[in-house]
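Each chain, letter by letter, is given below.
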Amino acid sequence: MFSSIFSTSPPVDPKAPNLHPVTDSVKDGQLYGELTPKDTEWACPGGFATETQTFYTSTEDGKSLMCQVIHSSIGQRWYPTIQFTFKLYDSKTKSRVWKSINVSNFVTPPPVLHHHKSSPDNAEFPESYTISANLGMDVQVHIDLARPAAIPGWKIGNSEKGGFSYFGPDLATPEGYVVHRFWPRFKATGHVVHNGAAIPIVGPGMFIHAIQGMRPNLVASSWNFADFQSDEKGGVSAIQMEFITTETHGKTGNGSGGVKVNLGSLVVDGKLVSVVAQTHYPGEADAAAGGVVSKASHLNTVHDPETGYMAPSTLLFEWAGPSLIADKPGTYTAKIAADVGDVANPKGLVEKVDFLAEVPYAIKMAVNYLAGTKPFIYQYFLDSATLTITEPGSDEAVEVPGSFYTEASYLSILPS
């Protein structure tokens, strides 16, 4: 008690930066960080934290599959909640199958829902996950997800703390953090059994291991996510993840929020060719450090009376970054502009997800939302989409056909 009354610590400058984005920790422009085995182990952090491992698959016959394990805790006095969420969408029939179940007797690694294994003797696919789950009488899942050797997993920054963005004025004792690790492309094989009928699951996908080390409504006001996959050109992938901070966290403390922290990667010809990351501060011109661009934009937004948010009619994602291929120096650039229609006539809309309906009860109890706001996730899947790529040494853009899954998530509305 006396130390708090007679503290000799200097007061915190209210204008001090209280967001430390992952781009701040990058040294010598070295954005690519190789994943270690520890990076994809379950951390199961205490306090207020949400940890997820999510697998997105785009099948050869026009289906989108998501499998996600959520580990959430809300303090030392409560046991963590573990939930498994499954969604299968058929772009041809517009049908959805959704399941969300609570998991008991959780251990790491989870022995039933999904299991990670390394196979050093397998030169083509050195790592894989197996998801095997009985989600009820009507849905069973068994899928193998294998990472190609030429497409390593990545994080931003090549250190133990690579991938971390921190919140709070003092980096030594942060108020919270966010971290992401990725497999930009895997090969999925297996099946889903729905009402006794086997549905083959074959196609490319991507994996994200993420942790939010604070309450979700304090981390971000919104999120953007992009996952383009194609089997053309030996295998192509373009992924991107972006969070936009609330008003409380930014370059000059409370009131300087709305900062966009964006990270992504490109796979071309079956190889990881570039990893990118960029931080966009409100009111400042985008400075593409080292020619790096990682950017998401909502175009032609329209008010959606159902959710209260401004929904995009077009989602634009852009990438530009240095080549990781030794014999192909220069810059890779890519762009996708996804036409998702308007509120009255959407295109590729899988669902407008009521965020609180799909997250564990612990998170609902922990999140204190502003009156009048209701979090929503707009999920879109386009079985026919086009990514434009320009490779080093060429001025000619190449159009690559593929499938595109994207999410625009709104947790709160930033004041204008």
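Presented here is a report on the structure given in the accompanying data block. Just so it is clear, the model here is predicted, and its values are computed rather than measured.

1. What to know about empty space enclosed by the protein
Tallied over the full model, the rule gives three cavities of 30 Å³ or more. The calculated volume of the largest cavity comes to roughly 640 Å³. Lining the largest cavity we find 30 residues, and of these Gln68, Gln212, Phe355, Ile377 and Glu407 sit closest to its centre. Contributing elements (two or more residues each) for the lining of the largest cavity: strand E3 (48-58), strand E4 (63-74), strand E12 (176-194), strand E13 (197-212), strand E14 (222-230), helix H3 (355-358), strand E24 (376-390) and strand E25 (398-410). Of the residues assigned to the lining of the largest cavity, the class counts are 18 nonpolar, 10 polar and two charged.

2. Some words on the pairing of E4
Counting buried positions along E4 yields 12 of 12 residues, so the element is predominantly enclosed. Burial along E4 is two-sided: Lys63, Leu65, Cys67, Val69, His71 and Ser73 facing one way and Ser64, Met66, Gln68, Ile70, Ser72 and Ile74 facing the other are all buried. Where E3 meets E4, 11 bridges bridge the pair, whose relative direction is antiparallel. Within E4, the residue paired with Phe55 across the bridge is Cys67. What sits between the antiparallel neighbours E3 and E4 is a turn of four residues, in which Gly62 has the positive phi angle 85°. With 10 bridges connecting them, E4 and strand E5 (residues 81-90) associate as antiparallel partners.

3. Some points on the nonpolar core
Counting 69 residues, the largest nonpolar core has Trp154, Ile156, Phe228, Trp319, Leu387 and Phe404 as the members making the most contacts within it. The greatest single-element share of this core, amounting to eight residues, is contributed by E24. What Trp154 contacts, discounting residues up to four positions off in sequence, is Tyr32, Gly33, Leu35, Arg181, Phe182, Pro184, Ile239, Leu263, Gly264, Ser265, Leu272 and Val275. One finds Phe55, Leu88, Tyr129 and Phe186 within the second-largest nonpolar core, a separate group that totals 27 residues.

4. Here we look at the environment of Leu266
When you line up the elements, Leu266 lands in strand E16 (residues 260-268). Residues Leu266 and Val276 lie 10 residues apart in sequence; the distance between their C-alpha atoms is 8.4 Å. Ignoring sequence-local partners within four residues, the contact set of Leu266 consists of Ser237, Ala238, Lys271, Leu272, Val273, Ser274, Trp319, Tyr332, Thr333 and Ala334.

Definitions and cut-offs
- Residues numbered from 1 in each chain as written.
- Predicted model: local features only at pLDDT ≥ 70, side-chain atom pairs only at ≥ 80, totals over all residues.
- Heavy atoms only, no water.
- 1 Å grid on protein atoms, 1.4 Å probe; cavity = no way out; pocket = protein on both sides within 12 Å on 5 of 7 lines; lining within 4 Å.
- Points joined across faces, edges and corners; volume = space filled by probe spheres on them.
- Helix = DSSP H or I, 4+ residues; strand = E, 2+ residues; numbered from the N terminus.
- Nonpolar A, V, L, I, M, F, W, Y, C, P; charged D, E, K, R; others polar.
- Buried < 20%, exposed > 50% of the residue type's maximum accessible area, 1.4 Å probe, protein only.
- Pairing = 2+ DSSP bridges.
- Core = buried A, V, L, I, M, F, W, Y, C linked by side-chain atoms within 4.5 Å.
- Contact = heavy atoms within 4.5 Å.

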